[in-house]
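# Structural description and commentary
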Amino acid sequence: MNLTLEKVDVAIPYSMLRVSLNPLTLAFTGNHQSLEQPFKQAYYNNSIDHVRRCKLYAVLFFSIFGILDAYVFPEQKFQLWFIRYVLVCPVFLLGLIFSYTDTYRRLWQLVNGFYIIVTGFAYVAMVVITPTPESFFYGVGTIFCVFFGYTFIHARFITASIAGLLVIGAYQAAMMWLMDATGVIQLIFGAHFMGINLLGMLICYSIETHHRKNFLLNFLLEQEKEKTENTNRNLEKRVEERTAALQRINRDLNKEILERKQAEGRVRASHEQLASILDSIDADIHVVDMETHIILLANRHMKKTYGDNVAGKVCHKVTHELDAPCHQCKGRLLLDENGRPGQSYSWEDKNPVNGRWYIISARAIVWEDGRLVQLTVATDITATKEMEARLQRAQKMEAIGTLAGGVAHDLNNILSGLVGYPELLLMDIPEGSEMRIIVETIKQSGEKAAAIVQDMLTLARRGVAVTDVTGLNQVVQDYLGSPELARLKSFHPQVSIHSDLTPTLFNIVGSSVHLGKTVMNLVTNAAEAMPDGGQITLSTQNCYVDRPMHGFETVLEGEYVLLRVADTGVGISTQDLERIFEPFYTKKKMGRSGTGLGMAVVWGTVKDHSGFIDARSIEGQGTVFDLYFPITRQNIKMDAEELPIDRYRGAGESVLVVDDIKEQRDLATFMLKRLGYQVDTVVSGVEAVKYIRKTPVDILVLDMIMESDMDGLDTYRQILAISPGQKAVIASGFSESERVLEAQRLGAGPYIKKPYRMEQIGMALREQLAAASTDEPPDSPVND
């Protein structure tokens, strides 16, 4: 039997509840003596978390009042602090640790009394140490201590009473023998303290009595619950017996009607509980009449998906917007040969209305009025499907890559002869010979095959040594000036190519050769997708992803260099886009426009660089490929034109960095300290406002996107109300938004995009600090 039930809200007056309790200790006696041990166990279980919090509260408040010690009694503050911080606070902390042991369960009431005595005696000691008459006010602390013990820490009456009387006696003894107090003061304090203590005892007595009666009431209700359940089990049997004895049932008819009403009330409560359970399940659950297909019941999740008024409507119109039952509806298949509920069915289905995937389970059940209904549970598995598709795509690419690598290895051995021997033959064949043309054709074919093999090695991820620091801007520029692009333009004269490269792009670690081939393959594919001409745009930018992005594949949180290749071509269908990176999968004519390895090589190269790909396309409008490469703050080993650090060094100004990402705060602190600024950081807009109220700063570095309720704009507005004209620099991992522009209209300075360099943030701070307070804030962002 569960004797630790939660409180039951029933209107039973306690005056009608008879309980046998010891008048002094309040322990259960007489017929209820067996409840004493279960009560102690339940009382401990229900109190332990609260008692632990009380220990923390006691340490907190006892520590905070140490400030008052220093203010009121500066000469005795070290003695008072010794009592607070060396004697009392450690006792509570040790008690908190002790509360996690098995021994504490047996001794916790004695420990509660010990806390009251320790705290009360500590206040008595403070009263003795401090000079009168101000010291008398520490008696208030003794009152707090006693009432804390009687009411807050769940101490039992007998424990709290003994401890309280000891504390009051100690205080009165101290007044009589250790303090310079007149007899009148002693009498007044003694009378009031004893009266307060008696009041606390009465309150504690009442509280414990209340808990014990409540426990008894729950116990009795549990017994009644068991009786009720037994009644329910026997109800049908009793109904059958009364049917057989018709005359006796008629005599007891009124009583039976009353009992049935009571049973209906319990069933109604059971239905309500069932509805609550169904509403708590994150799946679309509904019950449908198997004849009319009308929805009889729908849970909260179902209503959230299809509308609040689905009950009473036809199910196939609600879920699939059809005029006839769905083709996958199981209907009569859920019944056995006798027309009774049979086995259940489960299947997966994509809803054509909302495009979501569901795993659906259906079973026939008997409804409360006896008719057969279909219970359907539809769980949304769209996210799981997408994850499975991404996993299968990655596994397929890995398997095909491994196969391609093995084939390429063998082909390389074969091609050695096809490429090498023709060179030897050509040395002996005179110019103009027909045989020379044949041999040169063989040599060229071998070289083309070798290039395909190299692509297969790249696909197998065996051909990239990611060791060098390189810049994507230079890779793109090298390709734009390459003979390969010139040759491509000669084949596609109506295609124009534009570039938009961020000047302050971060470097990456990788192979410029393979990256160049990646750019070439993407541009080549884009050009061939525009038979009637169009525009290809190559762009780069720094990109900070502060939460995973789910697209073609999931881009993890981090700092990246983004390479985007966009075209205005014919686009790619959804089916083809899913397979575009598979080797040898192409819509072109093999042998004429390519080998089918170009996009597979792009995939392999990006994966070798620990990068991610996002691809999206609209048929008839064009395609965009976004390639994300992790950044490095290493420099390319070459002479670079950089501004001297003195151009953007600080002069000891104070800077407050507001950012909810620890790594970003640490990085900004490191950079700004190296530039000569005094730096402090906070984790949210609320903390920034609190900081500015207490400590003005010269300038803010303010993150625009934060997880808390206040973003950068809201934070800046509140700071301006405190410190009009406050200078600030806006930072964000997203593009410049309307909220950034609004912050700049309010007075914020330049906008710098994450991830930023030391030169960027340094120049932004110098620009804002150098601006006169009456100047308009700059509208253009710092190059990112």
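Residues numbered from 1 in each chain as written. Predicted model: local features only at pLDDT ≥ 70, side-chain atom pairs only at ≥ 80, totals over all residues. Heavy atoms only, no water.

## Section: the overall build of the protein chain
The number of helices and strands found in the protein chain is 23 helices and 19 strands. Going through the 784 residues of the protein chain one by one, you find that 43% of them count as buried. Contacts spanning at least 24 positions in sequence make up 67% of the contacts within the protein chain whose residues lie at least 6 apart. (Helix = DSSP H or I, 4+ residues; strand = E, 2+ residues; numbered from the N terminus. Buried < 20%, exposed > 50% of the residue type's maximum accessible area, 1.4 Å probe, protein only. Contact = heavy atoms within 4.5 Å.)

## Observations concerning the pattern of salt bridges
The final tally for this structure, using the stated rule, is 21 salt bridges. Two residues, E208 and R156, come together in a salt bridge whose shortest N-O distance is 3.0 Å. Of this pair, E208 sits in helix α7 (residues 183-244) while R156 sits in the loop between α5 (139-152) and α6 (157-177), and the two are 52 residues apart along the sequence. The same class applies to E208 as to R156, namely buried. Notably, a salt bridge pairs E742 with R745, separated by 2.9 Å at the nearest N-O pair. (Salt bridge = Lys/Arg side-chain N within 4 Å of Asp/Glu carboxyl O.)

## What to know about the packing of aromatic side chains
Summed over the entire model, instances satisfying the criterion amount to 14 aromatic pairs. For the pair Y44 and Y104, a centre-to-centre distance of 6.4 Å together with 55 degrees between the ring planes defines the contact as tilted. With Y44 in helix α1 (residues 36-64) and Y104 in helix α4 (residues 102-129), this pair connects stretches of sequence that are 60 residues apart. Ring pairs connect the aromatic residues F28, F39, Y43, Y44, F98, Y104, W108 and F215, which therefore count as one cluster. K607 extends its terminal NZ or CZ atom over the ring of W603, reaching a point 5.1 Å from the ring centre. (Phe/Tyr/Trp six-rings, centres within 6.5 Å; stacked < 30°, edge-to-face > 60°. Lys NZ or Arg CZ within 6 Å of the ring centre and 35° of its normal.)

## Thoughts on the sheet that holds strand β15 (residues 654-658)
In spatial order, the strands read β16-β15-β17-β18-β19; together these five strands make up an open sheet with parallel pairing. With one partner strand each, in any of the chains shown, β16 (678-682) and β19 (751-753) form the two edges of the open sheet. Across this sheet, the average inter-strand angle for adjacent strands is 20 degrees, counted without regard to direction. Examined bridge by bridge, β15 and strand β17 (residues 699-703) share four bridges and lie parallel to one another. The residue bridging V655 from the neighbouring strand is I699, located in β17. Together, β15, β16 and β17 form the strand contacts of helix α19 (residues 662-674), whose direction differs from that of β16 by roughly 170 degrees. Strand contacts of helix α23 (residues 758-770): β17, β18 (727-732) and β19, with the helix running at about 150 degrees to β18, the strand carrying the most contacts. (Pairing = 2+ DSSP bridges. Axes fitted to C-alpha atoms, helices over the stretch in contact; angles between N-to-C directions.)

## So, the environment of A743
Positionally, A743 belongs in helix α22 (residues 738-746). Residues in contact with A743, not counting those within four places in the same chain, are M704, L713, Y716, I730 and A748.

## Observations regarding the side chain of H32
Here H32 is to be found in the segment before α1. Taking the relative accessible area as the measure of exposure, H32 reaches 17% and is therefore buried. A polar contact of 3.1 Å, which involves the side chain of H32, links it to the backbone nitrogen of S20. In contact with H32, not counting residues within four places along its chain, are R18, V19, S20 and L216. (Polar contact = N/O pair within 3.5 Å; in protein donor to acceptor, adjacent residues only side chain to side chain.)

## Quick word on the packing of α19 against α23
Put simply, α19 and α23 touch, their axes get as near as 10 Å, and they point 65 degrees apart. It follows from the interaxial angle that α19 and α23 lie roughly perpendicular. With respect to the hand of their crossing, α19 and α23 are arranged in right-handed fashion. Judged by residue contacts, M671, L672 and R674 of α19 engage M758, I761 and L765 from α23. (Parallel < 35°, antiparallel > 145°, perpendicular 65-115°, else oblique. Left-handed = near helix turned anticlockwise from the far one by under 90°.)

## Some details on α5
Along its 14 residues, α5 runs 19 Å from first to last C-alpha, staying within 8% of the 20 Å computed at 1.5 Å per residue. When we look at burial in α5, the residues that qualify are G139, G141, T142, C145, V146, G149 and Y150. Backbone geometry just downstream of α5 places H154 in the positive-phi region, at approximately 60 degrees. (Expected span 1.5 Å × (residues − 1).)

## A few points about the environment of Q374
Along the chain, Q374 falls in strand β5 (residues 372-380). With 33 residues separating them along the chain, Q374 and P341 place their C-alpha atoms 9.3 Å apart. Setting aside its immediate chain neighbours within four residues, Q374 contacts H286, V287, V288, M290, C329, G331, L334, A362 and R363. A polar contact of 3.1 Å, which involves the side chain of Q374, links it to the side chain of T376.

## Points about helix α3 (residues 77-98)
Here α3 contains 22 residues, and its C-alpha end-to-end distance of 30 Å stays within 8% of the 32 Å for a straight helix at 1.5 Å per residue. Its maximal kink placed at C89, α3 deviates by approximately 30 degrees, while the proline P90 follows within four residues. Listed as buried for α3 are L80, I83, R84, V88, C89, F92, G95 and L96. At its buried positions, α3 is contacted by α1, α2 (66-72) and α4. (Bend = angle between axes of the 7 residues up to and from the residue.)

## Regarding the environment of P131
Structurally, P131 can be placed in the loop between α4 and α5. A relative accessible area of 37% places P131 in the partly exposed class. When the C-alpha positions of P131 and Q76 are compared, they lie 9.1 Å apart, and in sequence the two are 55 residues distant.

## Describing the packing of helix α20 (residues 685-694) against helix α21 (residues 712-722)
Here α20 crosses α21 at 15 degrees, and the two axes come no closer than 9 Å. With respect to α21, the axis of α20 lies roughly parallel. Pair α20 / α21 crosses with right-handed handedness. Contacts from G685, A688, V689, I692 and R693 in α20 reach T715, Q718, I719 and I722 in α21. The class makeup of the residues in the contact of α20 with α21 is five nonpolar, three polar and one charged. (Nonpolar A, V, L, I, M, F, W, Y, C, P; charged D, E, K, R; others polar.)

## Thoughts on the sheet that holds strand β2 (residues 295-298)
Here five strands make up an open sheet; going across it, the order is β2-β1-β5-β4-β3 and the pairing antiparallel. Of all the strands in the sheet, the pair left with one neighbour each is β2 and β3 (345-350). Neighbouring strand axes in the sheet, compared pairwise and without regard to direction, differ in orientation by 25 degrees on average. Pairing geometry for strand β1 (residues 284-289) and β2, over three bridges, is antiparallel. Bridge pairing in β2 places H286 opposite A298.

## Things to note about the side chain of H50
Mapped onto the secondary structure, H50 falls in helix α1. Not counting the four nearest positions on each side in its chain, H50 is found in contact with F152 and H154.

## Looking at a nonpolar patch on the surface
Where nonpolar side chains cluster on the molecular surface, the patch consists of L56, Y57, L60, F61, I64, F65, I67, L68, Y71, V72 and F152 and spans about 1100 Å² of accessible area. Among the elements of the structure, α1 and α2 are those that each provide at least two residues to the nonpolar patch. For the nonpolar patch, the leading source of residues is α1, giving five residues. With respect to the element layout, I64 can be found in helix α1. (Patch = residues over 30% accessible without salt bridge, like charges linked within 9 Å, V, L, I, M, F, W, Y side chains within 5 Å. Areas by Shrake-Rupley, 256 points an atom, 1.4 Å probe, with all protein chains shown as cover.)

## Notes on the confidence of the model for the protein chain
Here the protein chain shows a mean pLDDT of 79. Residues at 70 or above account for 84%. A low-confidence stretch, residues 772-784 stays under pLDDT 50, and its non-local contacts, those more than four residues away or across chains, total 27 contacts. (pLDDT = per-residue confidence, 0-100.)

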